[in-house]
Amino acid sequence: LVVGNLQTLMSIPRTLYDTQLVAEGSQQLDLDHSFTILQFNTLATCFAMKENADREVLEFDYRASLFTDIFENRNADILSLQEVDQYNQFFNPTLSGMGYEGTFVLRSRYDGLAVFWKLDKFELIENRTINLASAEYGINMPHKALVVVLNHISTGNTIIVVDTHVKSAPWFESVRVGQVSVLLDQLQNITREYDGASIVMTGDFNSIPGYPTYRLLVDGYLNNVEIGLKNWKNRLGKSLPRYDLQSNITFQSAYSLYNTCNIPSPPLPPNYSWWDAQ
C-alpha cells in the first residue's frame, strides 16, 4: 500500500482474523521506508459494563492483559486507539515501557483518543485537537479528532496521523457527516502547512460503505445531503437543512482489500484505517 512516499504494510489483528492482508510484493519492502499501524476501539469501562457478556471478561484488568499481548505481538510502529479511559493508569506507562511515546485528548467526560508512536521510528513535530462541533450545522456534541504530525526518521517524510470517534447510533448519520465535514475542512488547512505530507486517518466512524459519511471520505463530495441533529424521539419527523459538500482530500480504506483477498467482511461497521488517495 502506498501512502505518499512511504510503502505501508497494514494488517488486521489476529485476535479478529487469522489472516494478514499483505500488499502485493510487500515481502521485498525496505523496512527503512515502511511502517505499520494498528488501531482499534478499546471499549471504555463505562460502556463495557453495559454489554451483554460475562462481567469477568469486561473488567478492565482482564482486558488489559489482552491489550498487552496485542501490543507486544503486533509491535506496530503507530498505535491509534479510541475509547481510552485508562491512559495514565495503564496505556501510557505500559506502552512507554515498550518504546512508545504518546498523546491523549478527552473525547467526552468518560473517554478519549490516544496515539502512540515508536521513538526509534518517529519524531513528534506537533499535535492538535480538532473540535467537531459546528454552529453552522447545529451540532454541539463534544466529539473530537486528535491530529499528530510525525517525522519518519529514516526518510524525513512527514506523516499526519488522525484519530477520531464520531457519533454512534444508526439514526445519527446526519450528525456524523457534519462532523466529518468539519474534520476534512480542518485537515485541508493542516496539509497546506505541511506540503507533501501523507495522511493516515483511523477511527471509529460508525458508518458503512454507501452511507454519506463513507462516501464523503472516498468521493470527496456530497450533494444535497442532510446535516444536523434530529430529535431522537421523532427521528423521522424533522426536516434538516441540506448542503453540498466538497473536499480536496479523498481517502482509500484498508477494508477495500477484502474484495481482493477473499476475506469475509466485518459483521459490524468497522473501525477504519484510511490513507489519502493523493
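Going by the structure above, here's the rest.
Residues numbered from 1 in each chain as written. Predicted model: local features only at pLDDT ≥ 70, side-chain atom pairs only at ≥ 80, totals over all residues. Heavy atoms only, no water.

## Description of the pattern of salt bridges
Put simply, the test is: Salt bridges are counted wherever a side-chain nitrogen of Lys or Arg sits within 4 Å of a carboxyl oxygen of Asp or Glu. Accessible area is worked out with a 1.4 Å probe on protein chains only. A residue is then buried under 20% of its type maximum, exposed over 50%, and partly exposed in between. Here a strand is any run of E in DSSP of at least two residues, a helix any run of H or I of at least four, and the numbering for each starts at the N terminus.
In the structure shown here, the tally under the stated rule is seven salt bridges. With its nearest N and O atoms 2.9 Å apart, the salt bridge here joins E126 to R128. Judged by its relative accessible area of 24%, R128 is partly exposed. With a shortest N-O distance of 3.8 Å, R242 and E226 are connected by a salt bridge. With R242 in strand β13 (residues 242-246) and E226 in strand β12 (residues 221-226), this residue pair connects regions lying 16 residues apart in the sequence. Residue classification places E226 among the buried residues on the basis of a relative accessible area of 18%.

## Quick word on the sheet that holds strand β10 (residues 158-165)
Formally: Note: two strands are recorded as paired if DSSP finds a minimum of 2 bridges between them. Throughout, an axis means a line fitted to C-alpha atoms (over the contacting stretch in the case of helices), and angles, computed between N-to-C directions, take values from 0 to 180 degrees. Throughout, a contact is declared for two residues whenever any of their heavy atoms are within 4.5 Å.
Pairing is mixed in the open sheet, where six strands are placed in the order β8-β9-β10-β11-β15-β14. Looking at the sheet topology across the chains shown, the edges are occupied by β8 (122-131) and β14 (251-253). The average undirected angle you get between the axes of adjacent strands in this sheet is 20 degrees. Here helix α5 (residues 173-193) sits on the sheet and contacts β8, β9 (144-152), β10, β11 (198-204) and β14; the angle it forms with β8, its principal contact strand, is near 145 degrees. Sheet strands in contact with helix α6 (residues 212-219) are β11, β14 and β15 (271-276), and its direction is about 20 degrees off that of β15.

## Describing a nonpolar patch on the surface
Short version of the rule: Put simply, a patch holds well-exposed residues, over 30% relative accessible area, that have no salt bridge, with like charges counted together within 9 Å and Val, Leu, Ile, Met, Phe, Trp or Tyr side chains within 5 Å. All accessible-area figures derive from a Shrake-Rupley calculation using a 1.4 Å probe, and residue coverage is judged against the displayed protein chains alone.
Together, V57, Y62 and L66 line one region of the surface with nonpolar side chains, adding up to about 240 Å² of accessible area. Relative to the assigned elements, L66 resides in helix α3 (residues 60-74).

## Here we look at helix α4 (residues 87-96)
In plain terms, the rule: Think of it as the arc spanned by the lines of direction from the helix axis to the C-beta atoms.
When α4 is considered as a whole, its buried residues turn out to be Y87, F90, F91 and L95. Relative to the axis of α4, the buried residues are bounded by an arc of 125 degrees and lie together on one face. In α4, the exposed residues that point more than 90 degrees away from the buried face are N88 and Q89. Buried residues belonging to α4 abut α3, β5 (78-84), β6 (100-106) and β7 (112-118).

## Concerning the environment of S207
Formally: N or O atoms within 3.5 Å of each other form a polar contact, as long as, within protein, one can give a hydrogen and the other can take it, and as long as residues adjacent in sequence are counted only when both atoms are side-chain atoms.
Structurally, the position occupied by S207 is in the loop between β11 and α6. Expressed as a C-alpha distance, the spacing of S207 and N271, which sit 64 residues apart in the sequence, is 9.0 Å. A polar contact of 3.3 Å, which involves the side chain of S207, links it to the side chain of E173.

## Some points on the packing of aromatic side chains
Let me state the cut-off plainly: Here a pair means two rings of Phe, Tyr or Trp (six-membered ring of Trp) with centres within 6.5 Å. Their orientation is stacked below 30 degrees between planes, edge-to-face above 60, and tilted elsewhere.
In total, this model carries 17 aromatic pairs according to the counting rule given. Both rings, one in F40 and one in F71, keep their centres 6.2 Å apart while their planes meet at 20 degrees; by these two values the pair is stacked. Remark: F71 occurs in helix α3 and F40 occurs in strand β4 (residues 37-41); sequence separation between them is 31 residues. Accessibility assignment for this pair places F40 and F71 in one class, buried. Between F90 and F91, the aromatic rings sit 4.9 Å apart at their centres with planes inclined by 75 degrees, giving edge-to-face as the arrangement. The exposure class of F90 is buried, given its relative accessible area of 12%. Ring pairing ties together the aromatic residues F40, F60, F67, F71, F90 and F91, which thus form one cluster.

## Considerations on the pairing of β5
Most of β5 sits inside the fold, with seven of its seven residues counted as buried. Pairing between β5 and β7: five bridges, direction antiparallel. Bridge pairing in β7 links L79 to F116.

## Remarks on α3
Spelled out, the test is: Any helix carries an expected span of 1.5 Å times its number of residues minus one.
With 15 residues, α3 should reach 21 Å at 1.5 Å per residue; the first-to-last C-alpha distance of 20 Å fits that figure. For α3, the complete set of buried residues consists of F60, R63, A64, F67, T68, I70, F71 and R74. Take α3 and look down its axis: the buried residues cluster within an arc of 165 degrees, on one side only. Exposed residues pointing more than 90 degrees away from the buried face of α3 are listed as D61 and N73. Among the structural elements, β4, α1 (45-48), α2 (55-58), β5 and α4 are those in contact with the buried residues of α3. Positive phi appears at N75, one or two residues downstream of α3, with a value of about 50 degrees.

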